Structures are given as structure tokens and as C-alpha cells.
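Architecture at a glance
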Amino acid sequence: DSGVTQTPKHLITATGQRVTLRCSPRSGDLSVYWYQQSLDQGLQFLIQYYNGEERAKGNILERFSAQQFPDLHSELNLSSLELGDSALYFCASSVAQGAEAFFGQGTRLTVV
Amino acid sequence: KNEVEQSPQNLTAQEGEFITINCSYSVGISALHWLQQHPGGGIVSLFMLSSGKKKHGRLIATINIQEKHSSLHITASHPRDSAVYICAVRVRTQYGGSQGNLIFGKGTKLSVKP
């Protein structure tokens, strides 16, 4: 158990809908990273938060947004969902920039 | 061209064989990670390397910074080692620091037959 908790584990939703994925980092970790893993693109970095503030952005679509709350948990919001958004979404956390990151079990999103 | 390349893409071995997975990268890095992903989907961090060699049980990871190359070795492979092994790097910034996020290779799918 990495100590990083993601909910839900599975999510099935229809095109056009909006979903929220949740991540609780390891105790004491200030950095949270969101990654998307699709069959054709592999693992790709979406966005990073550090102690409540956005630190870095990767290949995140405008339809997607994220935030990190004062208790350090983070949420990834995906809206106007398309079939191509079906993927595994991972959250990882680390104590500091550049420190080892620990991954959650992922949320498998299926858009039908 | 991807910044992180792994070979082979797929690997089938017999139980007990010595296995090597290779990773080459084209950017300056502050660290390299080897990750394991089982069919259930979860990702486990095996090693984080910035130089030299690390060993954990039957797993050995090495890195050559000058050649921008790393290898993951599995000795006495076992069917439970069957998984996807992913190489990922943390890019070094121009100021000598480190980006937080990882850049991933496409993974090597390992299947160990009994």
C-alpha cells in the first residue's frame, strides 16, 4: 500500500457528462501529480499541485481542471467527456519537488 | 522521437531466466525511476536512481549518466514477476533543479512462463 488513496476505483459515464476524481496523498506529502494512461498514449503528465498551488501543467485539456484543498487532497474534474477520455487516471504524491513519488491505484474511467 | 525509449516492448521468458530491460533517454535528468504495473493497473515504484546501481531482492537497477542509459535486471525470474515495467525520468531544469513530474517510456511487457 503506497499510502495514496484514489476514489472511485471505477467510473462509467456517458459522453458529455462531468466527473470528479479524488486523491488523498500520503500523510505529509505536499505535492500531488495527476497522470493519464491511455492505450495509445501511455502515461502522460497532466498537472501538479504543491501545497495548494498549481506548480506545473502538462498535456491537460481545457475541459479538465484540478485543485488541491487545504487538507492537501486533490480533485481532478473532467467535463464534456468524450469517448477518447476513457483511460486510467493516476494520482501520485511526494514530500517535495524532486522527491520519490508514490502512486495511487488509479481510477479507471470508461466513457460510453 | 520519444524522450524515453524502452526495449524490448515485449519479453517472454522461462522461469529462472535472467532478464534485462533497457531504457535510453535524451534529456538531462535529475533522477530515473523504474516502475512496475501489474494487470490490475496499480503502479509500484521499484527504484529511483541518480547514479550507479541499486539492488532490492532479485531486482537490480543500473544507470550510466554519461551514456543516458539504464537497465533493470531480474535474476531468477518467476511468474509473479509478470508485469509491465516502466522507465520514467525526472527532467533537470536549466537552473540545476528538478521538474516535479515524470516523463515515461512506453513500458516493457514481461511474461514469465512456469
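Residues numbered from 1 in each chain as written. Chains lettered and ligands numbered in written order. Predicted model: local features only at pLDDT ≥ 70, side-chain atom pairs only at ≥ 80, totals over all residues. Heavy atoms only, no water.

Further remarks concern the pattern of salt bridges. Opposite charge on two side chains permits them to pair, given that their charged atoms come into close proximity. Under the defined criterion, the tally for this structure stands at four salt bridges over all chains. Where aspartate 85 of chain A meets arginine 63 of chain A, a salt bridge forms, and the shortest distance between an N and an O atom there is 2.8 Å. In this pair, aspartate 85 of chain A is assigned in the loop between strand 8 (74-78) and strand 9 (87-94) and arginine 63 of chain A in the loop between strand 6 (53-57) and strand 7 (64-68), connecting sequence segments 22 residues apart. For the pair formed by aspartate 85 of chain A and arginine 63 of chain A, the shared burial category is buried. Its salt-bridge partner being aspartate 81 of chain B, residue arginine 58 of chain B comes within 2.8 Å of it at the nearest N-O pair. Placement of arginine 58 of chain B in the loop between strand 6 (52-56) and strand 7 (59-64) and of aspartate 81 of chain B in the loop between strand 8 (69-74) and strand 9 (83-92) is noted, with a sequence separation of 23 residues between them. Overall, the relative accessible area of 7% leaves aspartate 81 of chain B in the buried class. (Salt bridge = Lys/Arg side-chain N within 4 Å of Asp/Glu carboxyl O. Helix = DSSP H or I, 4+ residues; strand = E, 2+ residues; numbered from the N terminus. Buried < 20%, exposed > 50% of the residue type's maximum accessible area, 1.4 Å probe, protein only.)

Let us now look at the interface of chain B and chain A. Where interface size is given, it is often the accessible area lost as the parts come together that is meant. Listed as interface residues are 17 residues of chain B and, on the opposing side, 18 residues of chain A. Surface buried jointly by chain B and chain A totals about 1500 Å² across both partners, of which 58% is contributed by carbon and sulfur atoms. For chain B, the biggest contributors to the area lost against chain A are Ile43, Asn101 and Phe104 of chain B; these three give 34% of the whole. For the interface between chain B and chain A, the tally reads zero salt bridges. Counting the contacts that link chain B with chain A gives four residue pairs in polar contact (both at pLDDT 80 or more). Sorting the residues of the side of chain B that touches chain A by element identifies strand 4 (29-37), strand 5 (43-49), strand 9 and strand 10 (98-104) of chain B as the ones contributing at least two each. Considering every element that reaches the side of chain B that touches chain A, the biggest residue donor is strand 10 of chain B, with six residues. When its residues are assigned to classes, the side of chain B that touches chain A shows six nonpolar, nine polar and two charged. (Contact = heavy atoms within 4.5 Å. Buried area = accessible area lost by both parts, 1.4 Å probe. Polar contact = N/O pair within 3.5 Å; in protein donor to acceptor, adjacent residues only side chain to side chain. Nonpolar A, V, L, I, M, F, W, Y, C, P; charged D, E, K, R; others polar.)

These values are about where atoms sit, not about what they do.
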